[in-house]
Amino acid sequence: MDPEALEALRRIFEAQKSEIRVSLFARITRVDISDPHTPLIDCQAVVKETIESPEGARDLEALPEFFEVPVMYQMGAPGFSITFPVAVGGIVHLSIGMQDFSQWFLTNQPGASEPDEFRPHALDNAVAYPVGYAKGHGPEVVLGTMVIAATQIHFGIPHAALHLAIGELCNNEFQRLVANFDTHTHTSAVSGSPTSGPMDGVTPMVLSPAANVNSGKLFTDG
């Protein structure tokens, strides 16, 4: 094959590749949580695309905005998931699938759903994962520790043997200790004669009621 034919094929191949998009980073421009089980976002790619003309000239062009992209969170067995809010200005990683998944997404059919359109890697095939950030704008990494930011729950500090206590059980134990403290007596100077109050002195010391130690940040369903 002569060089000119090879060059023409190369240009055709490069043009086809420029139409295939697999993943990219985008900035959130709108959040829709009207259905809390189906969060959707609009977003704009953070990097422009390079467009090459048939003559070989290159130009930069912004991709069109993505609309109503489903946000995907980690989920395993039923009832086990990790979710958190997304907000305008946040960064997501878009995964642009080979096939149109809209019918499966809307119906959750157990079998294989038929695509509405046969457009490989079309922009409408995108789903969003809130996992991206620019250099210097990501969460601080603490070695040897799992950190859940915003709520400031740190796992592994100050050492790996630190345990989390259940507030209700702690409250019950504190109330038991307080009741014992408030009702105990001391022996007076006269052998066998108890004092009238829980402590010696004019003003007895009492601890009740016990303070509530329930956490306002950590909850359990069980």
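Residues numbered from 1 in each chain as written. Predicted model: local features only at pLDDT ≥ 70, side-chain atom pairs only at ≥ 80, totals over all residues. Heavy atoms only, no water.

Trainee: Outline the pairing of strand E1 (residues 23–32), supporting the account with residue identities and numerical values.
Mentor: Judged from the five bridges that link them, E1 and strand E8 (residues 91–96) form a sheet pairing that is antiparallel. Following the sheet pairing, Leu24 is matched in E8 by Leu94. Pairing geometry for E1 and strand E2 (residues 40–45), over six bridges, is antiparallel. Of the residues in E2, the one forming a bridge with Asp32 is Leu40. (Pairing = 2+ DSSP bridges. Helix = DSSP H or I, 4+ residues; strand = E, 2+ residues; numbered from the N terminus.)

Trainee: Account for a nonpolar patch on the surface, with residues named and values stated.
Mentor: Side chains of Phe25, Val46 and Val47 sit close together on the surface and give an oily, nonpolar patch of about 270 Å² of accessible area. Counting through the fold element by element, Val47 comes out in the loop between E2 and strand E3 (49–52). For Val47, a relative accessible area of 58% puts it in the exposed group. (Patch = residues over 30% accessible without salt bridge, like charges linked within 9 Å, V, L, I, M, F, W, Y side chains within 5 Å. Areas by Shrake-Rupley, 256 points an atom, 1.4 Å probe, with all protein chains shown as cover. Salt bridge = Lys/Arg side-chain N within 4 Å of Asp/Glu carboxyl O. Buried < 20%, exposed > 50% of the residue type's maximum accessible area, 1.4 Å probe, protein only.)

Trainee: Talk me through the sheet that holds E1; I want residue IDs and the actual numbers.
Mentor: The strands making up a sheet associate through backbone hydrogen bonding, with each pair oriented either parallel or antiparallel. Overall, antiparallel pairing links the five strands, which are arranged E5-E2-E1-E8-E9 in an open sheet. Each edge of the open sheet is held by one strand with a lone partner, namely strand E5 (66–70) and strand E9 (126–129). If you compare each strand with its neighbour and ignore which way they point, the axes differ by 50° on average. Inspection of the sheet shows E2 paired to E5 by three bridges, in the antiparallel sense. Note that in E5 the partner of Ile41 across the bridge is Val69. (Axes fitted to C-alpha atoms, helices over the stretch in contact; angles between N-to-C directions.)

Trainee: Just give me the short version of the packing of aromatic side chains, but keep the residues and values in it.
Mentor: The tally for this structure, following the rule as stated, stands at three aromatic pairs. On the numbers, 6.0 Å between centres and 85° between planes, the contact of Phe101 with Phe105 is edge-to-face. Taking relative accessible area as the criterion, Phe101 reaches 17% and is therefore assigned buried. Centroid distance Trp104 to Phe105: 6.5 Å. Interplanar angle 55°. Geometry classified as tilted. (Phe/Tyr/Trp six-rings, centres within 6.5 Å; stacked < 30°, edge-to-face > 60°.)

Trainee: Summarise the side chain of Asp32; cite the residues concerned and give the values.
Mentor: Here Asp32 lies in strand E1. Put simply, Asp32 is tucked away with no salt bridge, and the nearest opposite charge, on Arg30, sits 4.3 Å away. Once residues lying within four places of it in the same chain are set aside, the contact partners of Asp32 are Thr38, Pro39 and Leu40. (Lys, Arg positive; Asp, Glu negative; His and termini not counted. Contact = heavy atoms within 4.5 Å.)

Trainee: For helix H3 (residues 167–183), give the residues involved together with the corresponding values.
Mentor: Relative to the 24 Å expected for 17 residues at 1.5 Å per residue, H3 spans 24 Å between its end C-alpha atoms, a close match to the ideal helical length. Those residues of H3 that fall on the buried side of the exposure criterion are Gly167, Asn171, Val178 and Asp182. Mapping the buried residues of H3 onto a view down its axis gives an arc of 40°, with all of them on the same face. Looking at H3, the residues exposed on the side facing more than 90 degrees away from the buried face are Leu169 and Thr183. (Expected span 1.5 Å × (residues − 1). Arc of directions from axis to C-beta.)

Trainee: Residue-level account of the pattern of salt bridges, with values.
Mentor: As a working rule, side chains carrying opposite charge can pair if their charged atoms are close by. Applying the stated rule across the entire model yields one salt bridge. Between Asp42 and Arg30 there is a salt bridge, with its nearest N and O atoms 2.7 Å apart. Highlighted residues: Asp42 in strand E2 and Arg30 in strand E1, separated in sequence by twelve residues. Asp42 gets classed as buried once you look at its relative accessible area, which sits at 6%.

Trainee: Describe in detail the environment of Ile41, supporting the description with residues and values.
Mentor: By the secondary structure assignment, Ile41 is in strand E2. Along the sequence, Ile41 and Phe66 sit 25 residues apart, while their C-alpha atoms lie 8.2 Å from each other.

Trainee: Account for the nonpolar core, with residues named and values stated.
Mentor: Leu24, Ile41, Cys43, Phe66, Val69, Val92 and Leu94 are the most contacted members of the largest nonpolar core, which totals 16 residues. Put simply, the parts of the chain that give this core at least two residues each are E1, E2, E5, E8 and E9. If sequence neighbours within four positions are ignored, Val92 has contacts with Leu24, Phe25, Ala26, Ile28, Ile41, Cys43, Ala128, Tyr129 and Pro130. (Core = buried A, V, L, I, M, F, W, Y, C linked by side-chain atoms within 4.5 Å.)

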